[in-house]
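# Analysis of the macromolecular model
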Amino acid sequence: MRKLVYYIGVSLDGRIAGPGGEFDFFPQGDEQQTAAYSSWMNALYPETVPTAYRAAVGVADRPTGVSAGSRAPCCP
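### Quick notes on the overall build of the protein
Looking only at helices and strands, one finds two helices and zero strands in the protein. For the protein, with 76 residues in total, the buried portion stands at 16%. Just so you have it, the protein exposes about 6300 Å², and 58% of that area is on carbon and sulfur atoms.

### Concerning the packing of aromatic side chains
Under the definition given, this model contains one aromatic pair. Geometrically, the ring pair formed by Tyr-37 and Trp-40 is tilted, given 6.0 Å between the ring centres and 45 degrees between the ring planes. Note that Tyr-37 and Trp-40 are positioned in helix H1 (residues 31-44) at a spacing of three residues, about one turn of the helix.

### What to know about H1
When the terminal C-alpha atoms of H1 are compared, their 20 Å separation across 14 residues agrees well with the 20 Å that a helix rising 1.5 Å per residue should span. When H1 is considered as a whole, its buried residues turn out to be Trp-40, Met-41, Asn-42 and Leu-44. Where H1 is buried, its residues contact helix H2 (51-54).

### Observations concerning a nonpolar patch on the surface
A cluster of nonpolar residues, Leu-4, Tyr-6, Ile-8, Val-10 and Ile-16, forms a patch on the protein surface that exposes about 560 Å² of accessible area. Here Val-10 falls in the partly exposed class, since its relative accessible area comes to 45%.

### Some words on the confidence of the model for the protein
The predicted model of the protein has a mean per-residue pLDDT of 75, with 78% of residues at 70 or higher. Low pLDDT, under 50, characterises residues 72-76; the stretch is placed with five contacts to residues that sit more than four places away or in other chains.

### Section: the side chain of Thr-48
With respect to the secondary-structure elements, Thr-48 resides in the loop between H1 and H2. Relative accessible area serves as the criterion here: at 19%, Thr-48 is assigned to the buried category. A distance of 2.7 Å separates the side chain of Thr-48 from the backbone oxygen of Tyr-45, its partner in a polar contact.

### A closer look at the environment of Asp-30
With respect to the helices and strands, the residue Asp-30 is situated in the segment before H1. The exposure class of Asp-30 is partly exposed, given its relative accessible area of 43%. A polar side-chain atom of Asp-30 sits 3.1 Å from the main-chain amide nitrogen of Gln-32.

Rules of the game
Residues numbered from 1 in each chain as written. Predicted model: local features only at pLDDT ≥ 70, side-chain atom pairs only at ≥ 80, totals over all residues. Heavy atoms only, no water. Helix = DSSP H or I, 4+ residues; strand = E, 2+ residues; numbered from the N terminus. Buried < 20%, exposed > 50% of the residue type's maximum accessible area, 1.4 Å probe, protein only. Areas by Shrake-Rupley, 256 points an atom, 1.4 Å probe, with all protein chains shown as cover. Phe/Tyr/Trp six-rings, centres within 6.5 Å; stacked < 30°, edge-to-face > 60°. Expected span 1.5 Å × (residues − 1). Contact = heavy atoms within 4.5 Å. Patch = residues over 30% accessible without salt bridge, like charges linked within 9 Å, V, L, I, M, F, W, Y side chains within 5 Å. Salt bridge = Lys/Arg side-chain N within 4 Å of Asp/Glu carboxyl O. pLDDT = per-residue confidence, 0-100. Polar contact = N/O pair within 3.5 Å; in protein donor to acceptor, adjacent residues only side chain to side chain.

Written as structure tokens, this is what we have:
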């Protein structure tokens, strides 16, 4: 059986959406900041990138399982 690896953005109180189902409270910044964050997350956690999307974001050659000891420090 394959291991499922994923991450979810949550607020400090552990919620993944607002009371009405909205998720606009997660800051994304401008286009450049969003691209930088996505690149950093994809490089740090390549196993969370869907197979069909891996080549497009440049992680096709990265292993799908990475040990916790090989993680980069937080934030670019």
